Amino acid sequence: MKAMLAPLAFALAACASVPPAAAGPTAGLGQYAEVYGLRIRPVRVIEDSRCPLDVRCVWAGRLVVETEVSGSAPYQLHQLELGKPRAIAGAGGTVTLVAAEPGKTAGAAIPPGAYRFTFQRRP
């Protein structure tokens, strides 16, 4: 019995180390998010090839969103890729698309109005 408890305790400890969901300003397509002085508006999804949650994939895929960014400079269009910081001219830093919901599922398209994007800004 004790031999079975050690692997179980290890498995539960591994579950506890899952990072929490990304926190930050969130917006859907056509909506604005305020991110430390910048207004960010996702305009359209250019690519969503993320691996569905219910499938095992060799490649994680990509999510690229065309985004309008305005603030200290006139508005600019940027293609933000999930998890990749993007330098913003005139803003003195980077903006990163850090999370997107909902996750994909095999065989089901995500309606454009269902997307929610979370952003982060770094100096």
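Just so you know, these numbers come straight off a predicted model, no measurement behind them.

Asker: Quick question: what am I supposed to make of the state of the cysteines here?
Answerer: Linking two cysteines covalently through their sulfur atoms gives a disulfide. Evaluation of the coordinates by the stated rule reveals one disulfide. Across the disulfide, cysteine 51 is cross-linked to cysteine 57 (sulfur-sulfur distance 2.0 Å). In this structure the cystine formed by cysteine 51 and cysteine 57 twists about its S-S bond by roughly 85 degrees; its chirality is therefore right-handed.

Asker: Help me understand the environment of arginine 86 in this model?
Answerer: By secondary structure assignment, the location of arginine 86 is in strand β6 (residues 86-88). Overall, the relative accessible area of 34% leaves arginine 86 in the partly exposed class. In the structure, arginine 86 is positioned 10 residues away from threonine 96 in sequence and 6.1 Å away in space, judged by C-alpha atoms. Leave out the neighbours within four places in its chain, and arginine 86 touches His78, Gln79, Leu80, Gly93, Thr94 and Val95. In this structure the side chain of arginine 86 is engaged in a polar contact, spanning 3.1 Å, whose partner is the backbone oxygen of glutamine 79.

Asker: Help me understand the pattern of salt bridges in this model?
Answerer: Side-chain pairs of opposite charge can arise whenever the charged atoms involved come near each other. This structure, assessed with the given rule, holds seven salt bridges. A salt bridge links arginine 50 to aspartate 48; the nearest nitrogen and oxygen atoms lie 2.8 Å apart. Ionic contacts of the salt-bridge type, sharing partners, join the residues Glu47, Arg62, Glu81 and Lys84 into one network.

Parameters at a glance
- Residues numbered from 1 in each chain as written.
- Predicted model: local features only at pLDDT ≥ 70, side-chain atom pairs only at ≥ 80, totals over all residues.
- Heavy atoms only, no water.
- Disulfide = S-S within 2.5 Å.
- Helix = DSSP H or I, 4+ residues; strand = E, 2+ residues; numbered from the N terminus.
- Buried < 20%, exposed > 50% of the residue type's maximum accessible area, 1.4 Å probe, protein only.
- Contact = heavy atoms within 4.5 Å.
- Polar contact = N/O pair within 3.5 Å; in protein donor to acceptor, adjacent residues only side chain to side chain.
- Salt bridge = Lys/Arg side-chain N within 4 Å of Asp/Glu carboxyl O.

Scope: geometric values only; no functional claims are made or implied.
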